[in-house]
Amino acid sequence: MMQVIRVDSEDRNLEMGSSRPHALVMPFPAQGHVTPFVKIANLLAQRSIKITFLNTEAIQQRITTASPENCNNQDHIDLVTMPDGLGPPENARTSFGELVDSFAQTAPKYLEELILKINGSEGEKITWLIVDENMGWAVKVAKKLGIRQAVLWPCSAALRTLFVHIPQLIETGVIDAHGTPKEQKLVQISPTMPAINTDHFGWNCIGDLKEQQTVFHYMYSNHQIVKDADWLLCNSFDELEPTEFLLNPYVLPVGPLLSDSHPNGLAGNLWKEDSTCLEWLDQQPASSVIYVAFGSVAMFDERQFHELALGLELSNRPFLWVVRPDFVEGQVAYPDEGFQARVAARGRMVGWAPQQKVLAHPSIACFISHCGWNSTIEGLSSGVPFLCWPYFADQFLNQSYISDIWKIGLYLNADNEGIISRGEIINKIEELLTDKKVRDRVLRLKKMAKESASEGGSSMKNLNAFIDAMLQT
Ligand SMILES: O=c1ccn([C@@H]2O[C@H](COP(=O)(O)OP(=O)(O)O[C@H]3O[C@H](CO)[C@@H](O)[C@H](O)[C@H]3O)[C@@H](O)[C@H]2O)c(=O)[nH]1
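Computed from a predicted structure; not experimentally measured.

Basis of the calculations
- Residues numbered from 1 in each chain as written.
- Predicted model: local features only at pLDDT ≥ 70, side-chain atom pairs only at ≥ 80, totals over all residues.
- Heavy atoms only, no water.
- Salt bridge = Lys/Arg side-chain N within 4 Å of Asp/Glu carboxyl O.
- Helix = DSSP H or I, 4+ residues; strand = E, 2+ residues; numbered from the N terminus.
- Buried < 20%, exposed > 50% of the residue type's maximum accessible area, 1.4 Å probe, protein only.
- Axes fitted to C-alpha atoms, helices over the stretch in contact; angles between N-to-C directions.
- Parallel < 35°, antiparallel > 145°, perpendicular 65-115°, else oblique.
- Contact = heavy atoms within 4.5 Å.
- Nonpolar A, V, L, I, M, F, W, Y, C, P; charged D, E, K, R; others polar.
- Expected span 1.5 Å × (residues − 1).
- Arc of directions from axis to C-beta.
- Left-handed = near helix turned anticlockwise from the far one by under 90°.
- Pairing = 2+ DSSP bridges.
- Near = heavy atom within 4 Å.
- Polar contact = N/O pair within 3.5 Å; in protein donor to acceptor, adjacent residues only side chain to side chain.
- 1 Å grid on protein atoms, 1.4 Å probe; cavity = no way out; pocket = protein on both sides within 12 Å on 5 of 7 lines; lining within 4 Å.
- Points joined across faces, edges and corners; volume = space filled by probe spheres on them.
- Phe/Tyr/Trp six-rings, centres within 6.5 Å; stacked < 30°, edge-to-face > 60°.
- Lys NZ or Arg CZ within 6 Å of the ring centre and 35° of its normal.

Visitor: So what exactly am I meant to see when it comes to the pattern of salt bridges here?
Guide: Oppositely charged side chains are able to pair whenever their charged atoms sit close together. For the structure on display, the rule yields 17 salt bridges. Note that lysine 50 is salt-bridged to aspartate 78, the shortest N-O span being 2.5 Å. Of this pair, lysine 50 sits in strand S4 (residues 50–56) while aspartate 78 is found in strand S5 (residues 77–82), placing the two residues 28 residues apart along the sequence. Since its relative accessible area comes to 10%, lysine 50 is described here as buried. Between glutamate 424 and lysine 428 there is a salt bridge, and its shortest N-O distance comes to 2.7 Å. You can see glutamate 424 and its partner lysine 428 sitting in helix H15 (residues 422–433), 4 residues apart, about one turn around the helix. Lysine 428 carries the same exposure label as glutamate 424, and that label is buried. Here the residues in one salt-bridge network are Glu313, Asp336 and Arg342, joined through shared partners.

Visitor: Would you explain the packing of helix H5 (residues 157–164) against helix H7 (residues 209–225) in this entry?
Guide: Any two packed helices are characterised by the angle at which their axes cross and by the distance between the axes. H7 packs onto H5 with a crossing angle of 95 degrees between their chain directions and a minimal axis gap of 10 Å. Taken together, the axes of H5 and H7 are roughly perpendicular relative to one another. Facing H5, whose interface residues are Arg160, Phe163 and Val164, H7 presents Met219, Tyr220 and His223. Broken down by class, the residue content of the contact of H5 with H7 amounts to 4 nonpolar, 1 polar and 1 charged.

Visitor: I would appreciate a short explanation of H15 in the present structure.
Guide: Helical periodicity: at 3.6 residues per turn, an α-helix aligns residues three or four positions apart in one direction. With 12 residues, H15 should cover 16 Å at 1.5 Å per step; its first-to-last C-alpha distance of 17 Å lies within 8% of that length. All of the buried residues along H15 are Glu424, Ile425, Lys428, Ile429 and Leu432. Considered in projection along H15, the buried side chains sweep an arc of 130 degrees and stay on one side of the axis.

Visitor: Quick question: what am I supposed to make of the packing of helix H10 (residues 302–314) against H15 here?
Guide: Orientation of H10 relative to H15, taken along the N-to-C sense of each, is 40 degrees, at an axis distance of 8 Å. One way to sum up the angle between H10 and H15 is to call them oblique. The interaxial crossing formed by H10 with H15 has right-handed handedness. Contact residues: H10 offers Glu307, Leu308, Leu310, Gly311 and Leu314, while H15 offers Arg422, Ile425 and Ile426. Class assignment of the residues belonging to the contact of H10 with H15 gives a composition of 5 nonpolar, 1 polar and 2 charged.

Visitor: Help me understand the sheet that holds strand S6 (residues 128–132) in this model?
Guide: Backbone-to-backbone hydrogen bonds join strands into a sheet, with any given pair of strands oriented parallel or antiparallel. On the basis of which strands lie adjacent, the open sheet formed by 7 strands has the order S5-S4-S3-S6-S7-S10-S11 and parallel pairing. Each edge of the open sheet carries a strand with a single partner, namely S5 and strand S11 (251–253). Direction aside, neighbouring strands of the sheet carry axes that sit 25 degrees apart on average. Here S6 runs beside strand S7 (residues 148–153); their pairing, made up of 5 bridges, is parallel. Among the inter-strand pairings, isoleucine 130 is bridged to a residue of S7, identified as alanine 150. Along the sheet face, H5 touches S7, strand S10 (231–234) and S11 and points at about 110 degrees away from the line of S7. Strand contacts of helix H17 (residues 458–472): strand S3 (22–26), S6, S7, S10 and S11, with the helix running at about 140 degrees to S6, the strand carrying the most contacts.

Visitor: When you look at the sheet that holds strand S14 (residues 347–350) in this model, what are you seeing that I'm missing?
Guide: If you trace the 6 strands from one edge of the open sheet to the other, you get S14-S13-S12-S15-S16-S17, paired in parallel fashion. At either end of the open sheet lies a strand with only one pairing partner, and these are S14 and strand S17 (409–411). Taken pair by pair, the neighbouring strands of this sheet meet at an average axis angle of 15 degrees, ignoring direction. Both strand S15 (residues 364–369) and strand S16 (residues 386–388) contribute to a ladder of 3 bridges, which runs parallel. If you follow isoleucine 368 over to S16, its bridge partner there is leucine 387. Sheet strands touched by H10: strand S12 (289–293), strand S13 (319–322) and S15. Its angle to S13, the strand with the most contacts, is close to 165 degrees.

Visitor: Please explain the site of the ligand as it appears in this structure.
Guide: Around the ligand, the surrounding shell holds 23 residues, and the nearest of these are Ser296, Ala353, Ser375, Glu378 and Asp394. Glutamine 355 has a polar side-chain atom sitting 3.3 Å from an oxygen atom of the ligand. The separation between an oxygen atom of the ligand and a polar main-chain atom of tryptophan 373 is 2.8 Å. Mapped onto the shell around the ligand, the elements with two or more residues apiece are helix H1 (31–46) and helix H13 (373–381). In terms of residue class, the shell around the ligand is built from 8 nonpolar, 13 polar and 2 charged.

Visitor: Is there a simple way to think about the layout of surface pockets in this case?
Guide: To find leftover empty space, a probe the size of one water molecule is rolled over the atoms. Volume-wise, the second largest pocket comes out at about 420 Å³. Lining the second largest pocket are 21 residues, and of these Gln304, Trp389, Pro390, Gly418 and Ile420 sit closest to its centre. Taken together, the residues of the lining of the second largest pocket break down into 14 nonpolar, 5 polar and 2 charged.

Visitor: How do you make sense of the packing of aromatic side chains when you look at a structure like this?
Guide: We describe a pair of aromatic rings using the distance from one ring centre to the other and the angle between the two ring planes. Inspection of the entire model under this criterion finds 26 aromatic pairs. Ring centres of phenylalanine 163 and tryptophan 203 lie 5.6 Å apart, and the angle between their planes is 65 degrees; this geometry places the pair in the edge-to-face category. Separated by 40 residues along the polypeptide, phenylalanine 163 in helix H5 and tryptophan 203 in the loop between strand S9 (196–197) and H7 bring together distant segments of the chain. Taken individually, phenylalanine 163 and tryptophan 203 each receive the classification buried, so the pair is uniform in this respect. Three or more aromatic residues joined by ring pairs form one cluster here, namely Phe294, Phe300, Phe305, Trp321, Phe327, Tyr334, Phe339 and Trp389. Over the aromatic face of tryptophan 271 sits the side chain of arginine 62, whose NZ or CZ is 4.6 Å from the ring centroid.

Any functional reading would require information that these geometric values do not contain.
As structure tokens, then:
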């Protein structure tokens, strides 16, 4: 017998019968992808949509180790795992190329088996797949099984525009059929976008040539598959990238996807969060602290690490610096034995911070960032100006938007030896923090981000349309 689902027109919450939309949510197995998927899963679960969240075994093991207390108490959310084809979760996973290679070969079978198993059991049947664009192959599996598909692009619309233009880049000889640039030059993809250095195409700053080609083919084939998905969502907002969304007309912005403080929210950190830094921030003057964090992948060599440490020391300002245990090639060793004691009164180093809460704290003055897309969107949504220190992938493109288009941050320039010196760091901190126009612009973006994600705002309207579509299925 058909179940009646009542939808409240105001908040789209369901009054439950025994049937409701059930979405399998599946991020690419990396921190910067798990984060926005956890956010959208929590958001949908709060609207009473049943969620089954699928991580690889290796990722889930890390999340459970990092926050065991927060892994099994979610309303409306079940956790499931599948292998990534690279052996036991304990094995090191250092090659992106190996991961995507293994995925392309083994994961469709695992996914199909998993969905058939869930849908063959007593519980609610999976009716939707919400998947990362970097897992486009899953769309094929869902289509085969008659499940509706929504693809979430966890980066900027600008980066997606680059993918849309790959056929033209091949045709005009900028890259070969394997994504390798024929020469290093600046390319103007569209008149409304900043020129992109071919060295910074995203897939070609990862590993050696073979790995770059594997990554290119994996990403581009996913990009082509997802064109046929039912919904394409993006963690950005219309007012932030208006012309880029015109170039991606089928993509609906639903960002900024931010975590809230829902007590039963799903956890997604791969490192244990040190939230004691929030109490430390409470003791700092307003707009005084330099927050320094480089996401989950970037690594420094010892010399660059020391230069950053000394730059922070010599800035004479309070700072909160995320030094992941694997942040330095080799071992984390500060410039000299006295460093930690000298900065103890005004500097705090943590292994992993509650970044979104940190950025929203009134004591934060600026963000020295690698410009990963999540950090970019979290920083601007909190009204925090940037010093840009990109490492790889889309981060160079994000840097140009931050510095040249939105003008809410500054470049940090490397010297002749490729090092960002302590002098450069100190000078740019001073320049950034004394520029009132930058501060005004980022506060304007903060307001726009908030409005967009609030009821009646552009992203919220898109999200509501998506939720309505789920409810009508
Ligand atoms: O101490 C920390 C440091 C980071 N984060 C969070 O971790 C996420 C990091 O994401 P992001 O800023 O995007 O950086 P990466 O982890 O490096 O993300 C990868 O994935 C992104 C999305 O595809 C890309 O934009 C990046 O270039 C790529 O490196 C963010 O949500 C942060 O809030 C914390 O919670 N605590």
